[in-house]
Amino acid sequence: MAAAAAAAAQALWGARRLRLFLSTLKPGIHVPQAEPVAAFSSSVTSAKVAVNGVHLHYLRTGGGEHAVLLLPGMLGSGETDFGPQIENLNKKLFTVVAWDPRGYGRSRPPDRDFPVEFFERDAKDAVDLMKMLKFKKVSLLGWSDGGITALIAAARYPSYINKMVIWGANAYVTDQDEEIYRGIRDVSKWSERTRKPLEALYGFDYFARTCEKWVDGIKQFKHLPDGNICRHLLPLVQCPTLIVHGEKDPLVPSFHADFIHKHVKGSRLHLMPEGKHNLHLRFAGEFNKLAEDFLQ
């Protein structure tokens, strides 16, 4: 659900940056030592590590004691979805890791697939990645699908998750959501500016095929009781949680943020009146300050 908004925002960063980034990496190769990433400053490093039978790619920056994992949305990667956060979150306070879930970004092979437990699988991969990197405890910043993954991780691994900020997430699928997903299934109907960054990352065929597979995958939940993705897990979340919602989000109606807020005990809900789905990109300065203040 985050792909269209993410790609449009990433276009502002420029296709040239993305090409520079891609030129430094080759899919499927294990990178034993971190290397600078051309698209960012020299303080950002890139590596892959074997986790749960796949090689997961991540970017890392900062030297703070507080570890923060950035979780991207559908079809997203750390680089495409979190440029302003990788560059500008406080590097003295935080060590920031932005990962590519299996089948996305540079975490290929394998190709992305969508069994009904794919969010649970991502949550386990994310936590196991951070444990592999020797972090004793982490906070989560999760956008859209990454927000769902963060909620599951917080519920399943409560002793490991410090704090959590999520936005553009939903805990269940409705008829209204299904209609929205149907509207983004055919990427050839997207605007050229929206398509280009993801085409540059994946090639058109993989991009188009994976988007179709994602729509089919997310629609699976519509056929479960109450359209359940993770609504049954929300009462298990124990960490301090900030839910941010853009009141002009065209992809995730506000009732989803309200539901998560109601069912995650002690959570805070922050509304951004002009925010859309990509609020952390469009209003990066405001969002980063909000996240930093909450995480401290």
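Residue numbers run consecutively from 1 along every chain, following the written order of its sequence. With pLDDT at 70 or above as the cut-off, local features in this predicted model cover only qualifying residues; side-chain atom pairs require 80 or more to be listed or tallied, and sums for whole chains, interfaces and linings still use all residues. As a convention, hydrogens and water are excluded, and side-chain values are obtained from all of the structure's heavy atoms.

Caption draft 1: Region of interest: the side chain of Thr95. Where helices and strands are cited, they refer to DSSP runs of H or I of at least four residues and of E of at least two residues respectively, numbered from the N terminus. The topology assignment puts Thr95 in strand 5 (residues 94-100). The class of Thr95 is buried, set by a relative accessible area of 4%. Separated by 2.7 Å, the side chain of Thr95 and the backbone oxygen of Gly64 make a polar contact. If near-sequence neighbours (up to four positions away) are discounted, Thr95 is found in contact with Arg60, Thr61, Gly62, Gly63, Gly64, His66, Ala67, Val68 and Phe135. Burial classification: accessible surface area is computed with a 1.4 Å probe over protein chains only, and a residue below 20% of its type maximum counts as buried, one above 50% as exposed, and the rest as partly exposed. In protein, a polar contact means a hydrogen-donor-capable atom and an acceptor-capable atom, both N or O and within 3.5 Å, with residues adjacent in sequence counting only if both atoms are side-chain atoms; elsewhere, any N or O pair within 3.5 Å suffices. The contact criterion used is simple: two residues touch if any of their non-hydrogen atoms lie within 4.5 Å.

Caption draft 2: Representation of the environment of Gly217 in the model. Counting through the fold element by element, Gly217 comes out in helix 9 (residues 204-219). Judged by relative accessible area, which is 3%, Gly217 ranks as buried. When the C-alpha atoms of Gly217 and Asp113 are compared, they prove to be 8.2 Å apart, with 104 residues separating the residues in sequence. What Gly217 contacts, discounting residues up to four positions off in sequence, is Phe114 and Phe118.

Caption draft 3: Layout of the pairing of strand 6 (residues 138-143). Strand 6 sits mainly inside the fold: six of its six residues count as buried. Of the two faces of strand 6, both are covered, the one formed by Val138, Leu140 and Gly142 as well as the one formed by Ser139, Leu141 and Trp143. In short, DSSP must find at least two bridges between two strands for them to pair. Two strands pair when backbone bridges link them, and strand 6 and strand 7 (residues 161-167) are joined in this way by five bridges, in the parallel orientation. Counted as the bridge partner of Val138 is Ile161 from strand 7. Here is how to tell: hold the view so the strands point away, follow the path from the first strand over the helix to the second, and if it runs clockwise the crossover is right-handed. Note on the crossover from strand 6 through helix 6 (residues 145-156) to strand 7: the handedness is right-handed.

Caption draft 4: Fine view of the side chain of Arg102. Mapped onto the fold, Arg102 is located in the loop between strand 5 and helix 5 (118-132). According to the relative accessible area criterion, Arg102 is buried, its value standing at 13%. In terms of polar contacts, Arg102 uses its side chain to reach the backbone carbonyl oxygen of Asn52, at 3.4 Å. Once residues lying within four places of it in the same chain are set aside, the contact partners of Arg102 are Asn52, Val54, Leu56, Ser107, Arg112, Arg121, Asp122 and Asp125.

Caption draft 5: Seen up close, the pairing of strand 2 (residues 45-51). Burial analysis of strand 2 places five of its seven residues in the buried class, which makes it a mostly covered element. Pairing geometry for strand 2 and strand 3 (residues 54-61), over seven bridges, is antiparallel. The residue bridging Ala47 from the neighbouring strand is Tyr58, located in strand 3. The turn linking strand 2 back onto strand 3 is made up of two residues, and Asn52 within it adopts a positive phi angle of 55°.

Caption draft 6: Broad picture of the packing of helix 8 (residues 192-202) against helix 9. Two numbers describe how helix 8 lies on helix 9: the axes approach to 7 Å, and their chain directions differ by 110°. By the angle between their directions, the pair helix 8 and helix 9 is classed as roughly perpendicular. Note on element contacts: helix 9 touches helix 8 through Phe204, Tyr206 and Phe207, opposite Arg195, Leu198, Glu199 and Tyr202. Taken together, the residues that form the contact of helix 8 with helix 9 break down as five nonpolar, no polar and two charged. Between the N-to-C directions of two axes lies an angle of 0 to 180 degrees, each axis being a line fitted to C-alpha atoms and, for a helix, fitted only over the stretch in contact. Angles are sorted into four bins: roughly parallel if under 35 degrees, roughly antiparallel if over 145, roughly perpendicular if 65 to 115, and oblique for all others. Just so you know the grouping, Ala, Val, Leu, Ile, Met, Phe, Trp, Tyr, Cys and Pro go in nonpolar, Asp, Glu, Lys and Arg go in charged, and all remaining residues, Gly too, go in polar.

Caption draft 7: Helix 9, seen in detail. Each helix should span, by expectation, one fewer than its residue count multiplied by 1.5 Å. The end-to-end C-alpha distance of helix 9 is 23 Å, a good match for the 22 Å that 16 residues give at a rise of 1.5 Å each. Considered for burial, the residues of helix 9 that qualify are Tyr206, Phe207, Ala208, Thr210, Cys211, Trp214, Val215, Gly217 and Ile218. On the buried face of helix 9, the contacting elements are helix 5, helix 6, helix 7 (175-183) and helix 8.

Caption draft 8: Looking closely at unusual backbone geometry. The peptide bond linking Arg108 to Pro109 adopts the cis configuration, its omega dihedral lying at -5°. Secondary-structure assignment places Pro109 in the loop between strand 5 and helix 5. Following Pro109, the chain continues to Pro110 via a peptide bond in cis, the omega torsion being 5°. Looking at the secondary structure, you find Pro110 in the loop between strand 5 and helix 5. Unlike most non-glycine residues, Ser144 shows phi in positive territory, near 60°.

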